[in-house]
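Breakdown of the fold
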Amino acid sequence: MDNITLARLLDETAALLEIDAGDPFRIRSYRRAAEAVEQQTTQLATLATVDADPKALLAIPGIGKGMAANIRDLVATGTMPLREELLQRYKPTMLELLRLPGMGPKTVAMLYSALSISDIDALEEAAKRGDLLTLPRMGQKFTDKLLKGIEDYRKNSSRFRIDVAREHAERISELIRLFPGIETITPAGSLRRGRESVGDLDLLVTGPACEPDVVAAAVEHVASLPLIDKLLAKGQNKVSFTLRNNLQVDVRLLPRASYGAALQYFTGSKMHNVALRQRAIKRGLTLSEYALLRLEDNVVVASATEQEIYNALDLDYIPPELRENRGEIEAAANHTLPTLIVRGDVRGDLHMHTTESDGNNSIREMAEAAIARGLEYIAITDHSKNLAMTHGMDDERTLAHARRIREVSDELAREFAAGRGPQWERYEERLRNNEPDIQKPAIPFRILAGIEVDILLDGSLDLADETLAQLDIVVASVHSGFNQPGEEMTARMLRAVENPHVHILGHPTGRKVLQREPYKIDLAQMLPAAARFGVAVEHNASPARLDLSDLHLRLAKEHGCKLVVNTDAHATNELDQIDYGIVQLRRAWLSAADLLNTRPVDELLISLRRA
Ligand code: DGT
Ligand code: CA
Ligand code: CA
Ligand code: ZN
């Protein structure tokens, strides 16, 4: 049994456990094991035989005793007890049904037992025939919604979220890099441009091993990577394949001399490249994936770096995020491209959760993680009571939680004043490591007491005004009634914006990338209203949301809205999600000055004040 089959069986078990509404940690452990197996360069079947060293499997990160036993079972018998047990009740294809809106494990299991439905095609047929109407709690409304959900799913299922794409790009790069003489691997295409979803991965590879006379061996290395599911094509300097999840990967191996030209060409977008080629022709030049040449005598004008190519076309360098042919070429010609925001510009994060509602970490843990990432302040914004499944807070708990948040903030400030605590520790560690641009911390880290308060169906808020008035940061968000008609939803949001205690509108359109369309709100009404009342609109950097989207962010700026970027972290490591948000802000042409949480905390609080 080869590694990819082994990985597939482990992943399938994770899928079956998910349908069985199993323990999320257990599900994740199977998924992680599948990925770890795929990442191995030796065939695990040889390590899992009876006479092999039992420690060999355990040496693989992500594989513990139980998982090692599973792998031995799979190698010896082609299956394992848990998988067999689950297959008695479910089919792995049912997992896909869980991706549809309104489908939980119970519903999926019921559809299987009642109508033997185990995949999307069968479900669609049954819905169209009206078979679902015979089942409990599945009326015409449910059926209609489901059919719409299936349509959306089909439209999106060939694309992948940016975080998923990035993770796969990193895993593949790690394996490609094992070949001697490969130095640089750069994701190009839509991933480099930072689009919220990608159709396929384009990886560009260079180094001495990619020079024309020796590239064949490197191509062989790439074509035999263990995580390849199907090899689609193998050319002189290109390998295309798919992964287990059907994500296609195009790898191109290129000589150093033309790397810049290749990077420019394969980063796209197609429309940007078309416009750039026209500009080249007007100058008597021709631009290809190999070089920028003079038309009359084929002399190379530029090829090694993108910078040279843009400059040779009388343009400032255009960052990849802007290459969508939305005016960037004109701006680069006129030297009016904005200085785009970078992660280091963000001083504070104003939307995150703790164990008080549905987060994984404490107030102090979130604060320490933020300090470790160089932030100067955060707001803790747990959920309010309407979101019952998150253990949301009522007025009393909200105020008690706010007191605790301020206590932790004061505790950090006392440690700071006494010359100890996480801020000083980080400073000293950076000094020890000789890191660049180290500044002595000037003011204590601040934790703002906040809330993510639900906007109820009628636009009123889930907590009393007197409660909200006592908080530093009020994020107001919609978490229910997503399907309200446009007029109702717009009126609901407008009412929330008018509440003088609201500072920030959280994930303003409610969309989920590749999964859920925005609510039917009229942004042409809502954004000007937010601007007029001085309510900031959020860019939620969670890669599942990225809400407002890049285009909507640009619109918000045009309407004069205040803007903030937040992670909505539910665990310390999710504070790094800010990277995904920064990319979308850059795609929206935004600079540090366009965001409020690039300012020091005192200025931020003043700028959030309502007129
Ligand atoms: P995706 O994969 O749908 O998310 O979008 P992209 O932009 O990554 O598109 P993809 O993978 O088809 O191609 C990557 C880049 O390579 C694309 O942005 C421009 C360049 N490219 C690829 N094929 C062609 C082509 O046939 N003509 C031109 N002009 N450019 C191409
Ligand atoms: Ca692509
Ligand atoms: Ca491609
Ligand atoms: Zn929320």
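Predicted, not measured: the structure shown is a model, and the values here were computed from it.

Looking at the overall build of the chain
Secondary structure summary: the chain contains 25 helices and 17 strands in total. Dimensions of the chain, computed from the C-alpha atoms along their principal axes, are close to 75 × 65 × 60 Å. Here the chain holds 611 residues, and the buried ones make up 52% of them. Pairs at least 24 residues apart make up 68% of the contacts formed inside the chain by residues separated by at least 6 positions. Separation of charge centres in the chain, based on 75 positive and 89 negative side chains, amounts to 1 Å.

Quick look at the domain arrangement of the chain
Examined at the domain level, the chain breaks down into domain 1 (3–156), domain 2 (160–254), domain 3 (268–333) and domain 4 (343–417 + 446–608). Its C-alpha centre places domain 2 at a distance of 37 Å from the equivalent point of domain 4. Every contact between the two is made by 10 residues of domain 2 and, on the other side, 12 residues of domain 4. Both sides of the domain 2 and domain 4 interface together cover about 980 Å² of buried area, and 56% of this is carbon and sulfur. If you sort the residues of domain 2 by the area they bury against domain 4, Arg161, Arg166 and Glu196 come out on top, with a joint share of 54%. Taken together, the connections running from domain 2 to domain 4 amount to 1 salt bridge. Put simply, Arg511 and Glu196 hold a salt bridge, and the shortest N to O gap is 2.7 Å. Where domain 2 meets domain 4, there are 3 residue pairs in polar contact (both at pLDDT 80 or more). Those elements giving two or more residues to the side of domain 2 that touches domain 4 turn out to be strand S1 (160–161) and helix H10 (162–176). Sort the elements by how many residues they give to the side of domain 2 that touches domain 4 and H10 lands first, with 3 residues.

Details of the site of ligand 1
Inspection of the region around ligand 1 gives 16 residues, with Arg159, Ser190, Arg193, Gly199 and Asp200 positioned closest. Here Ser190 contributes a side-chain N or O atom positioned 2.5 Å from an oxygen atom of ligand 1. With respect to ligand 1, the side chain of Asp202 contributes an N or O atom lying 3.0 Å from an oxygen atom. When ligand 1 is considered free in solution it has 600 Å² of accessible area, and contact with the protein chains removes 72% of it. Elements that contribute at least two residues to the shell around ligand 1 include exactly helix H11 (189–193), strand S4 (200–206), helix H13 (259–267) and helix H14 (270–282). Taken together, the residues of the shell around ligand 1 sort by class into 3 nonpolar, 7 polar and 6 charged. For the shell around ligand 1, the domains that each give at least three residues are domain 2 (160–254) and domain 3 (268–333).

So, the sheet that holds strand S17 (residues 563–566)
The parallel open sheet is built from 7 strands, whose spatial order is S11-S12-S13-S14-S15-S16-S17. The sheet is open, and its two borders are formed by strand S11 (348–349) and S17, each paired with just one other strand. Both strand S13 (residues 446–454) and strand S14 (residues 473–477) contribute to a ladder of 5 bridges, which runs parallel. Opposite Val453, over in S14, you have Ala476 as the bridge partner.

Digging into the pairing of S14
With respect to burial, S14 is a largely interior element, 5 of its 5 residues being buried. Of the two faces of S14, the one carrying Ile473, Val475 and Ser477 and the one carrying Val474 and Ala476 are both buried. Bridging between S14 and strand S15 (residues 504–505) involves 2 bridges; their strand directions are parallel. Bridge assignment links Val475 to a residue of S15, and that residue is Ile504. Following the chain from S14 across helix H21 (residues 486–498) to the adjacent parallel S15, one finds a crossover that is right-handed.

Notes on the coordination of the calcium ion (ligand 2)
At the metal site, the calcium ion (ligand 2) is ligated by Asp200 (O), Asp200 (OD) and Asp202 (OD), and these contacts range over 2.2 to 2.6 Å. The metal-metal distance between the calcium ion (ligand 2) and the calcium ion (ligand 3) is 3.8 Å, with Asp200 coordinating both. On the basis of relative accessibility, which here comes to 23%, the residue Asp200 falls in the partly exposed class. Using a relative accessible area of 13% as the deciding quantity, one classes Asp202 as buried.

Side note on the coordination of the calcium ion (ligand 3)
Protein coordination of the calcium ion (ligand 3) is provided by Asp200 (OD), Asp200 (OD), Asp202 (OD) and Asp250 (OD), with donor distances spanning 2.3 to 2.7 Å. The motif formed by the donor residues of the calcium ion (ligand 3), counted along the single chain, is D-x1-D-x47-D.

Section: unusual backbone geometry
The amide bond that connects Gly268 to the next residue, Ser269, takes the cis arrangement and shows omega of -5°. Note that Ser269 resides in the loop between H13 and H14. For Ala21, which is not glycine, the phi dihedral falls at a positive 55°. Checked against the element boundaries, Ala21 lands in the loop between helix H1 (3–19) and helix H2 (24–38). When its relative accessible area of 56% is taken as the criterion, Ala21 is described as exposed. The backbone phi angle of Asn325 is positive, close to 55°, even though this residue is not glycine. Along the polypeptide, Asn325 turns up in the loop between helix H15 (306–312) and helix H16 (328–333). Since its relative accessible area comes to 32%, Asn325 is described here as partly exposed.

Calculation notes
Residues numbered from 1 in each chain as written. Chains lettered and ligands numbered in written order. Predicted model: local features only at pLDDT ≥ 70, side-chain atom pairs only at ≥ 80, totals over all residues. Heavy atoms only, no water. Helix = DSSP H or I, 4+ residues; strand = E, 2+ residues; numbered from the N terminus. Buried < 20%, exposed > 50% of the residue type's maximum accessible area, 1.4 Å probe, protein only. Contact = heavy atoms within 4.5 Å. Lys, Arg positive; Asp, Glu negative; His and termini not counted. Charge placed at Lys NZ, Arg CZ, Asp CG, Glu CD. Domains from an automatic or database assignment. Buried area = accessible area lost by both parts, 1.4 Å probe. Salt bridge = Lys/Arg side-chain N within 4 Å of Asp/Glu carboxyl O. Polar contact = N/O pair within 3.5 Å; in protein donor to acceptor, adjacent residues only side chain to side chain. Near = heavy atom within 4 Å. Areas by Shrake-Rupley, 256 points an atom, 1.4 Å probe, with all protein chains shown as cover. Nonpolar A, V, L, I, M, F, W, Y, C, P; charged D, E, K, R; others polar. Pairing = 2+ DSSP bridges. Right-handed = clockwise from strand over helix to strand, strands pointing away. Donors = N, O, S within 2.8 Å, 3.2 Å for Na, K, Ca; no water.

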